[in-house]
Each structure stands twice: as C-alpha cells, then as structure tokens.
Amino acid sequence: MINCAVNPQAAREGASAYGPVWKSKRVLIVGGGPAGCEAARVLAIRGHRPELFEKGSRLGGNLIPGGAPDFKEDDLALARWYEAQLKKWKVPVHLNTEVKKEDVLKQGFDTVILATGSTPKVFSLGEDEHVYTASQVLTKEKECGEKTVVVGGGLVGCETALWLAQMGKSVTIVEALDKILAVNGPLCHANSEMLERLIPYNHIQVITQAKASKYQDGVLTVDQNGAELQLPCDSVILSVGYQEENSLYQEVEFDVPELYLLGDAKKVSNIMYAIWDAFEVANHI
C-alpha cells in the first residue's frame, strides 16, 4: 500500500477528504511539535479557529534535535513548512509560552488539544556531570568531547553516533539487545539497512548485549554477559528512548468537556504516527 509519513491524504484522498464544519470552534492547542502543528493546520483549513501555544522558541518539537545531522535535513524542512502553513492559514502562534492548568480553564475555548510531546528517558550512572541526552548533544547544548559512548542503539542513538563520527569523534555504541536498530520499528528498510552499513563504515564500535552500569573518573563500566568492560570516554550520551509528557492532560482531564491528547504525549512513536493521529482527530472535530 502506498502512503506518506507526513501527508496522511496521499493515496487515500477520498477516504481522508476534509470534513465539513457545522460550527466553527475556538480550539486551544498546546504543543508545537508535528502533532500540534498538523492539528492546527487541518483545523484552520476546515474553518475552525485554532490557537497554538509552544513553550519553546520555535515550532518543530523533536524535529529540531532530530534534524541536526545534515543527513536529516528533511526534519528541519518539515518544521519550516509547518511554520509557513500556520502563517498562511493565519493561525495565532505563541512561542516561549508555557500553558498551565489555570490557563486552559480560563481561556474559554470550545475544544482543547494537548500535544505536549515527550522527554528523553534518563538514569544516573554516578558521576553525571558529563552524562548527556542525545537531544542535548544534537542541539549543541552540550559538547561531548573527542571520545564518547552512546548508550542505546535505536534509531536516535545510531543517527547521533553516525553524526558525531562524521565530525571526527571516536564513538562507541552500547546496546542492551543483541543487535542495533532492534526497536523503533517499523523502520523503512532503505533507511535501516543504510544505517547498519554506515555504522561500521564510519569506524563506530558496537557492543551488544551490554548494559552501562557506572561512569566514574572518565571511564564507563559496561556489563556484557557477565563480563565487565571498561570504556574510557569524555562523555556518555543516553539514547534509551522517550517517555510521554502528559502531566497537563492528567491535571485537566476531568475539567475539560472536549479534550484530546495527541502524538507522543499519548504514545511515544514516530513522525508518521504523530501526524496521522493529529490529522484524524483534527478532521473529525
């Protein structure tokens, strides 16, 4: 079946045609990632009056760190496209604005959409001063040094490792499962197979069936099938997945009659899930 991750209407134009609007509603959207932007776009096209609030300084959510490597520039292009679309459809966008429970309840919107995204999972390795998330490194909030270890060999971990290796860094991936890219599925075969080949091509060491246990004095201790490995490194980059950020939803779920939770805030997944989920909800409000 033909489909498109970022265009839910592709090859299903009839089934996904924009539905008619019987009453134009004021819709509060919290979160300016792919799900929030797609919801705002579809609502505006259909004749509703969405208003979007984003606590960060730009739209895009996880597209911003995700698009940092030059081979992921399409992520940043998608974020810019959403910026242009929301301007085109005259959707009010409020950046650097964090929405709290009282803001949701006092604004007088007919409908509320929460697309508050997800946050990286973290855990302590002891001396955490040089333990960063992949997002912090990708956005250049943190500098990983010349030698680093990426804990987690999923899609984000592999892309981060590849990006750093192409900049001349010495990179090792530590993965708990028996192979890299075993999660985050389903992945496009062309992308996953290319990544699997680019990792060794760029001299990235991969240690599977291994778990990081301690980082102390510039050395990461890794347990691999009962054996203890010592990996000297300037930093450790955690790429062990994301968790839903739905705290605002939990605060208001019994106080808002028409309330929707979208994208990663509902279930951490990928760009396709976030955009398709947002499209379906926004097309039926």
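All values derive from a computational prediction rather than experimental measurement. (Residues numbered from 1 in each chain as written. Predicted model: local features only at pLDDT ≥ 70, side-chain atom pairs only at ≥ 80, totals over all residues. Heavy atoms only, no water.)

**Section: the nonpolar core**
Here's step 1: Counting 28 residues, the largest nonpolar core has Ile 29, Ala 39, Leu 43, Leu 86, Ile 113 and Leu 262 as its most contacted members.
Here's step 2: By residue number, the principal contributor to this core is helix α1 (residues 34-46), which donates seven residues.
Here's step 3: Once residues within four sequence positions are removed from consideration, Ile 29 is found in contact with Gly 36, Ala 39, Ala 40, Leu 43, Pro 50, Glu 51, Leu 52, Phe 53 and Ile 113. (Core = buried A, V, L, I, M, F, W, Y, C linked by side-chain atoms within 4.5 Å. Buried < 20%, exposed > 50% of the residue type's maximum accessible area, 1.4 Å probe, protein only. Helix = DSSP H or I, 4+ residues; strand = E, 2+ residues; numbered from the N terminus. Contact = heavy atoms within 4.5 Å.)

**Let's talk about the side chain of Thr 160**
Here's step 1: Mapped onto the fold, Thr 160 is located in helix α6 (residues 155-166).
Here's step 2: For Thr 160, a relative accessible area of 1% translates into the label buried.
Here's step 3: Side-chain polar atoms of Thr 160 contact the backbone oxygen of Val 156, separated by 2.8 Å. (Polar contact = N/O pair within 3.5 Å; in protein donor to acceptor, adjacent residues only side chain to side chain.)

**Here's the deal with the sheet that holds strand β15 (residues 259-261)**
Here's step 1: One open sheet accounts for five strands, arranged β3-β2-β1-β4-β15; its pairing is parallel. Strand pairing shows two members of the sheet lacking a second neighbour, β3 (93-94) and β15, which therefore form its edges. (Pairing = 2+ DSSP bridges.)

**A look at the packing of α1 against helix α3 (residues 73-88)**
Here's step 1: Packing of α1 against α3 leaves a shortest axis separation of 10 Å and a crossing angle of 30°. As judged from the angle between their axes, α1 and α3 are roughly parallel. Where α1 crosses over α3, the two elements pack in a sense that is left-handed. Each of Pro 34, Cys 37, Glu 38, Ala 40 and Arg 41 in α1 lies in contact with α3, whose residues at this interface are Trp 81, Tyr 82, Gln 85 and Leu 86.
Here's step 2: Of the residues that constitute the contact of α1 with α3, the class distribution is six nonpolar, one polar and two charged. (Axes fitted to C-alpha atoms, helices over the stretch in contact; angles between N-to-C directions. Parallel < 35°, antiparallel > 145°, perpendicular 65-115°, else oblique. Left-handed = near helix turned anticlockwise from the far one by under 90°. Nonpolar A, V, L, I, M, F, W, Y, C, P; charged D, E, K, R; others polar.)

**Looking at the environment of Leu 162**
Here's step 1: For Leu 162, the location among the structural elements is in helix α6.
Here's step 2: Judged by its relative accessible area of 2%, Leu 162 falls in the buried class.
Here's step 3: Once the C-alpha coordinates of Leu 162 and Arg 58 are considered, the two residues, 104 residues apart in sequence, prove to be 26 Å apart.
Here's step 4: Excluding its chain neighbours within four sequence positions, the residues that come into contact with Leu 162 are Phe 71, Leu 195, Leu 198, Asn 202 and Ile 204.

**Some details on α6**
Here's step 1: Between its terminal C-alpha atoms α6 stretches 16 Å, which fits the 16 Å expected from 12 residues at 1.5 Å a residue.
Here's step 2: With nine of 12 residues buried, α6 is to be regarded as a mostly interior element.
Here's step 3: Regarding α6, the residues found buried are Gly 157, Cys 158, Glu 159, Thr 160, Ala 161, Leu 162, Trp 163, Leu 164 and Ala 165. (Expected span 1.5 Å × (residues − 1).)

**A closer look at helix α9 (residues 271-282)**
Here's step 1: Between its first and last C-alpha atoms α9 spans 16 Å; for 12 residues at 1.5 Å apiece the expected length is 16 Å, and the two agree.
Here's step 2: Every buried residue belonging to α9 is among Ala 274, Ile 275, Trp 276, Asp 277, Ala 278, Phe 279, Val 281 and Ala 282, and all of these are buried.
Here's step 3: Residues of α9 that are buried sit in contact with α1, α3 and β15.

**Observations regarding the environment of Thr 119**
Here's step 1: Inspection of the secondary structure assignment puts Thr 119 in strand β5 (residues 118-120).
Here's step 2: Thr 119 gets classed as partly exposed once you look at its relative accessible area, which sits at 29%.
Here's step 3: Sequence separation between Thr 119 and Gly 241 is 122 residues; the distance between their C-alpha atoms is 8.6 Å.
Here's step 4: Residues in contact with Thr 119, not counting those within four places in the same chain, are Gly 241, Tyr 242, Gln 243 and Glu 245.

**Observations regarding the state of the cysteines**
Here's step 1: Taken as a whole and judged by the stated rule, the model has zero disulfides.
Here's step 2: Cysteine Cys 144 shares no disulfide, and the gap to the nearest cysteine sulfur, in Cys 233, comes to 10 Å.
Here's step 3: With relative accessibility at 3%, the residue Cys 144 sits in the buried group. (Disulfide = S-S within 2.5 Å.)

**With respect to the environment of Asp 70**
Here's step 1: Inspection of the secondary structure puts Asp 70 in the loop between α2 (63-66) and α3.
Here's step 2: For Asp 70, a relative accessible area of 56% corresponds to the exposed category.
Here's step 3: Placed 103 residues apart in sequence, Asp 70 and Ile 173 show a C-alpha to C-alpha distance of 20 Å.

**Regarding the side chain of Arg 46**
Here's step 1: Position of Arg 46 among the secondary structure elements: in helix α1.
Here's step 2: Among buried Asp, Glu, Lys and Arg side chains, Arg 46 stands out as unpaired, with Glu 258 the closest opposite charge at 8.7 Å.
Here's step 3: There is a polar contact of 2.7 Å between the side chain of Arg 46 and the backbone oxygen of Ala 282.
Here's step 4: Apart from the residues within four sequence positions on either side, Arg 46 is in contact with Tyr 18, Gly 19, Pro 20, Val 21, Ala 282, Asn 283, His 284 and Ile 285. (Lys, Arg positive; Asp, Glu negative; His and termini not counted. Salt bridge = Lys/Arg side-chain N within 4 Å of Asp/Glu carboxyl O.)

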